[in-house]
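Below, each chain spelled out in residue letters.
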Amino acid sequence: MAVVSPSEAELAFNHEVLECASYYQISSNAIASMNVPQMKAVGDRLLVSAEQAVGLAEQYQNKNQVSSTLAAIKDKQLSSLPSDKSLASLMGKYKVTCQSLLAEPQKRLDYWIMATM
């Protein structure tokens, strides 16, 4: 069986999906490190969202590629933060867009298909 390479649209879409996965992982870890019991449910939901995003990305690329891209994105996002507990810049950039991307992934993929034609 031949392996089909992802299209330009799928690669662009996957990059966004993995930015969201990274954002969710970083946020979940930050909440867990705060050790505030009232926030545990929020941290858990963020972790589930991260797993959903990774699962979505793996529909278009193999696990190794997804893992290495996610690690690179996560390094970049972490290095952009003033501290590991200061998530305001990441939240501002990703909170709303990632919620809508995970709620309607096909809509975002369709955008990339049109944008890369």
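Residues numbered from 1 in each chain as written. Predicted model: local features only at pLDDT ≥ 70, side-chain atom pairs only at ≥ 80, totals over all residues. Heavy atoms only, no water.

Asker: With reference to specific residues and values, describe the overall build of the chain.
Answerer: Within the chain, the regular secondary structure consists of 5 helices and 0 strands. N-terminal to C-terminal, the α/β element order of the chain is α-α-α-α-α. What you see for the chain is a C-alpha radius of gyration of 15 Å, in line with the 13 Å of a compact globule of 117 residues. In the chain, once contacts between residues fewer than 6 apart in sequence are set aside, the share between residues at least 24 apart is 81%. Taking the average place of the 10 positive charges on the side chains of the chain and the average place of its 11 negative ones, the gap between the two points comes to 8 Å. (Helix = DSSP H or I, 4+ residues; strand = E, 2+ residues; numbered from the N terminus. Rg over C-alpha atoms; globule rule 2.2 N^0.38 Å. Contact = heavy atoms within 4.5 Å. Lys, Arg positive; Asp, Glu negative; His and termini not counted. Charge placed at Lys NZ, Arg CZ, Asp CG, Glu CD.)

Asker: Describe the side chain of Asn14, with residues and values.
Answerer: Take Asn14: it is sitting in helix α1 (residues 8–34). In this view, Asn14 contacts Leu56, Ala57, Tyr60, Gln61 and Val66; residues no more than four positions away in its chain are not counted.

Asker: Give a description of the pattern of salt bridges that names residues and reports values.
Answerer: Taken as a whole, this structure holds 4 salt bridges when the rule is applied. We note a salt bridge from Glu58 to Lys63, for which the minimum N-O separation is 3.3 Å. When its relative accessible area of 28% is taken as the criterion, Glu58 is described as partly exposed. One salt bridge connects Glu104 with Lys107, and the closest N-O pair in it is separated by 3.8 Å. (Salt bridge = Lys/Arg side-chain N within 4 Å of Asp/Glu carboxyl O. Buried < 20%, exposed > 50% of the residue type's maximum accessible area, 1.4 Å probe, protein only.)

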